[in-house]
Amino acid sequence: MKSTFEVSDKLFELYHRVHRLINESMTEEGVSLARSKFLFFLSKLGPCRSTDIAGALNFAPRTVTEAIDGLERDKLVVRKPDPEDRRAKIVSITDVGRVVLEAAEHPRKQLIEEIFSALDDEQLDQMHDIVSRLVAKADEIRKRKEVGEGAGETAAE
């Protein structure tokens, strides 16, 4: 029987290999996996402030600003003044950004299909159930830590 650490190491190994393969295939189409996350977010939710992007993607504001600078330089996004706050800018995906994102999505999907073709339908269902349980457990632990941290702050005051 495999230990939880052996299984965990294999999951991380799989994640990193798939991440690398997907990033390489998407970059060949004109946008890295990291940049595509920004474009995907903007294509689904529409124009928004960089602070909204940072919060949604859990990135530091400086990281988002730098990424948007590069995306804007490549004409994949555009920044316009926020009509409600003259200090802020609204970021939108451009038509060029949509074309690049769509072109990069095809090889990503194709690669994922090829990797998961190693599993039959029953194994795929089992893996989905197992990973879902692990995600739920991780969320439970995260919530418990957040509650614990909040309680610790109250006690310290």
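Everything numeric in this text was worked out from a predicted model, so none of it was measured. (Residues numbered from 1 in each chain as written. Predicted model: local features only at pLDDT ≥ 70, side-chain atom pairs only at ≥ 80, totals over all residues. Heavy atoms only, no water.)

## Regarding the overall build of the protein chain
Rules: In this text, helices come from DSSP runs of H or I with a minimum length of four residues, and strands from runs of E with a minimum of two, each type numbered from the N-terminal end. Using C-alpha atoms as the atom set, the radius of gyration is obtained and then compared with a globule rule of 2.2 Å times the number of residues to the power 0.38. Relative accessibility decides the category of a residue: with a 1.4 Å probe and only protein chains considered, values under 20% of the type maximum give buried, values over 50% give exposed, and everything between is partly exposed. We call two residues contacting when some pair of their heavy atoms lies within 4.5 Å. The Shrake-Rupley method, run with a 1.4 Å probe sphere, supplies the accessible areas, and residue values consider only the shown protein chains as cover. A positive count includes Lys and Arg, and a negative count includes Asp and Glu. His and the chain ends are not counted in either. Where a charge lies is defined by one atom per residue type: Lys uses NZ, Arg uses CZ, Asp uses CG and Glu uses CD.
Scanning the protein chain for helices and strands turns up 6 helices and 3 strands. Order of helices (α) and strands (β) in the protein chain, N terminus to C terminus: α-α-β-α-α-β-β-α-α. Whereas a compact globule of 157 residues would reach a radius of gyration of roughly 15 Å, the protein chain reaches 20 Å, over 25% beyond that. Considering only C-alpha atoms, the protein chain reaches an extent of 60 × 55 × 20 Å along its principal axes. Expressed as a percentage of its 157 residues, the buried residues of the protein chain come to 24%. Counting only contacts in the protein chain whose residues sit at least 6 apart along the sequence, the fraction spanning at least 24 positions is 47%. A total accessible area of about 11800 Å² is found for the protein chain, and carbon and sulfur atoms account for 55% of it. Charged side chains in the protein chain number 25 positive and 30 negative. The centres of these two groups are separated by 6 Å.

## Section: the sheet that holds strand β1 (residues 48–49)
Rule in force here: Pairs of strands are assigned from DSSP output, requiring at least two bridges between the strands.
The sheet built from 3 strands is open, its strands ordered β1-β3-β2 with antiparallel pairing. Where the open sheet ends on each side, the last strands, each with one partner, are β1 and β2 (77–82). As paired elements, β2 and strand β3 (residues 85–93) share 6 bridges and run antiparallel to each other. Bridge pairing in β3 links arginine 79 to valine 91.

## Looking at helix α1 (residues 4–28)
Our working definition: In this scheme, a helix's expected span is set at 1.5 Å multiplied by one less than its residue total.
For α1, which comprises 25 residues, the first-to-last C-alpha distance of 36 Å matches the rise-based estimate of 36 Å (1.5 Å per residue) to within 8%. Residues of α1 that are buried include every one of Val18, Ile22, Ser25 and Met26, and no others. Buried residues along α1 sit in contact with α2 (33–45) and α5 (95–116). Positive phi appears at glycine 30, one or two residues downstream of α1, with a value of about 115°.

## Section: the pattern of salt bridges
Heads up, the rule is: One speaks of a salt bridge when a side-chain nitrogen belonging to Lys or Arg is within 4 Å of a carboxyl oxygen belonging to Asp or Glu.
All told, the structure shown has 11 salt bridges when counted by the stated rule. Ionic pairing is found between aspartate 82 and arginine 49, a salt bridge with its closest N-O pair at 2.7 Å. Highlighted residues: aspartate 82 in strand β2 and arginine 49 in strand β1, separated in sequence by 33 residues. Judged by relative accessible area, aspartate 82 falls into the buried class, the value being 7%. Put simply, Lys10, Glu13 and Arg17 are held in one network by salt bridges that share partners.

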